[in-house]
Every structure is written in C-alpha cells, then in structure tokens.
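One-letter residues, chain by chain:
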Amino acid sequence: MKFILFISIILQFILFEALNATTKEYSKTYNDEILIGFYGRPHSKSLGILGENNIDTLVLKMKEKQAYYEKELHNKLKIKLAFHIIHSLATKDAGRRNDYLLNMSEKTVLKYIKRAKQENFDVILDVQLAVKTPKEAIKPLLKYLKYKNVHLAIDPEFRIPKHRRYPPGKYVGHIKAIELNELQKYVSDYLKQSSIKEPKKIIVHMFHKRMLRQKNEVKNYENIKLIYNIDGHGQAGVKVKIYNALYATKETNKAIGGFKIFYKNDTKPLMSPRKILGFEKVGSQKILTQPYYINYH
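Residues numbered from 1 in each chain as written. Predicted model: local features only at pLDDT ≥ 70, side-chain atom pairs only at ≥ 80, totals over all residues. Heavy atoms only, no water.

A. Representation of the environment of Gln 66. In this structure, Gln 66 sits in helix H2 (residues 55–72). Those residues in contact with Gln 66, other than ones at most four positions away along the chain, are Ile 79 and Leu 81. (Helix = DSSP H or I, 4+ residues; strand = E, 2+ residues; numbered from the N terminus. Contact = heavy atoms within 4.5 Å.)

B. Layout of helix H6 (residues 236–246). Among the residues of H6, those classed as buried are Ala 236, Gly 237, Lys 239, Val 240, Tyr 243, Asn 244 and Leu 246. Along its buried surface, H6 packs onto strand S7 (200–206), strand S9 (224–230) and strand S10 (256–261). Backbone nitrogen of Gly 237 and a side-chain oxygen of the N-cap are separated by 2.9 Å at the start of H6; the cap is Gln 235. (Buried < 20%, exposed > 50% of the residue type's maximum accessible area, 1.4 Å probe, protein only. Polar contact = N/O pair within 3.5 Å; in protein donor to acceptor, adjacent residues only side chain to side chain.)

C. A look at the pattern of salt bridges. Inspection of every chain in the model, using the stated rule, returns 14 salt bridges. Between Lys 162 and Glu 136 there is a salt bridge, with the nearest N and O atoms lying 3.3 Å from each other. Note that Lys 162 is positioned in the loop between strand S5 (150–154) and strand S6 (175–176) and Glu 136 in helix H4 (residues 134–138), a separation of 26 residues in sequence. Note on Lys 162: relative accessible area 48%, which makes it partly exposed. On the basis of relative accessible area, Glu 136 is assigned to the partly exposed category, the value being 38%. One continuous salt-bridge network, built from bridges that share partners, spans Asp 56, Lys 63, Arg 115 and Glu 119. (Salt bridge = Lys/Arg side-chain N within 4 Å of Asp/Glu carboxyl O.)

D. Representation of the side chain of Asp 122 within the structure. Within the secondary structure layout, Asp 122 lies in strand S4 (residues 122–127). Note on Asp 122: relative accessible area 4%, which makes it buried. At 3.3 Å, the side chain of Asp 122 and the side chain of Lys 201 are in polar contact. Setting aside anything within four residues of it in sequence, one finds Asp 122 in contact with Leu 35, Lys 80, Leu 81, Ala 82, Phe 83, Ala 116, Asn 149, His 151 and Lys 201.

Right, dumping it as structure tokens:
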C-alpha cells in the first residue's frame, strides 16, 4: 500500500514538473522580446491612434515609442512594432450583408502590409465578429497569411447572437473555448495546406472572464501562438488586477499575455514600460506574468 502511495506521489510530481515546464516554455515563448502595437482603423480618428495619423506620421510615432521603451528598459529586451488594424468593424446597422460588419478594402490592407514589410513591423488584422463565429470572421483573411509578418485577432466584445435582436456593442459579447479551438485548428490546418512555416499569432481581446467561456478547455495547436490581450481601461491599479485575474498563472501554459493602454480612457499618467512589464509596482499591485504584447489604443 505504501509502495502504491509512493508511486502515486512520484507520478504527481512528474506531472506537475511537466506542466510547470510547459507553462514556462509557452508563457515565455518570446522571452527576450516584446511586441508593441498601435491599434485602430485607417482614416478613423475615433477608433484609435493608428487612424489618427497618416501612415508616415504613424511610423514616426511608433519608432519614438520604440526608442522610449529601449531607453526605459536599458536595451535589455528587443522591441518589435506592429500595425494593429481593425479589419472588420462592428456597426449598429446590419448592412446589405446583414452581418453588422464593415470590412476594409484589400487595397488598404496591402498598403499597410507593404509598409510594414519595409519597416520590419508586424501586421495584426482584427475582426469584431458581430454575428459570425471566429472561424467565419477570419476566413476572408486567410489569404493574407502568406505574408510572413501578418497575424490575426478576434474581439468577442462585439459578438451578438444569430437572432440579431440587438446590435453589436449593446451588451458585452463572448465566445466559447470550443469556438476558439475551432479557429486555431482551422488556421493551423490552413498553414499546413499552404506550406506556410512561420507561426502565426492569434490574439483574443478580453476584459471580463465571461468573454471567453470554458477557458480551461482551450487547447494549443501547431504553429499557433495564442495571446490573451487584457484590455480593460481606467485606473492603473484596477487594470493590473484585471490582468492578473484574467491572465492567471494557471493559464500561462496555454497563452501568452497581452496588455492594452488607452491614451484617452486610462487614468493619467499612463503606466510606464517598467510597470506594464511588472518590473515595478503600481501602488500595491504588480503584474505577475510579464506580457509580451503591449498595444496602444
């Protein structure tokens, strides 16, 4: 009996160590690098900093942010930049397709992909879902994954039921783990079929635990790097609490952390790079697991 108990304890220890190793490996996928994204929609000033500027001015501002981070962090981390573009914008009007989405033209998307390639930036194409499943919303964007620097994001906040009794934004929407897994597998399979070897990031926005339901059932898929982007706004201490709660230690073996800064909606002064990354406290609070992706709205 003692022998069986001993073996059981040993097996539990091995399982714990394996899980711990996986946790460290996945949450620190980009251990020596952080990605800074400027979020918004071209020519739409109200939707974020990306649309407040023409592309040349935007690039200059992003490089200034990069230099600021390098100085604050004493060049200890590589700083990469990204255009984070709202490709499929949720609208109050159902539109002619009855899907409550306004998609961006291919010409505009390619303009930003081309410029990003010149600048060695990433491009993140974001969809706000509305009546579509994550898989349905992402399907039109698969063709852009042939570009090495292009990645994907989904925003459950603007998801609405198929019954369409209310428009996106009236209530906070949600997705389920099974839908996120379906999306990841769909993109992973597409990458294999298209002989695309570069891993692709899939970012999921959230500021409440109900936005991604049955989170414990989320799986990982080949060549997919899943990021939970925690995007609550307001007072810095509250933002840190939300981040630590939604991107808990038990989830770092499945996803990489992301943290959003709102220029207009966050309490001033804005959090410094060292506070965002957990190197310094925010009052009595502190980021527990360093985020990889930091995006400015």
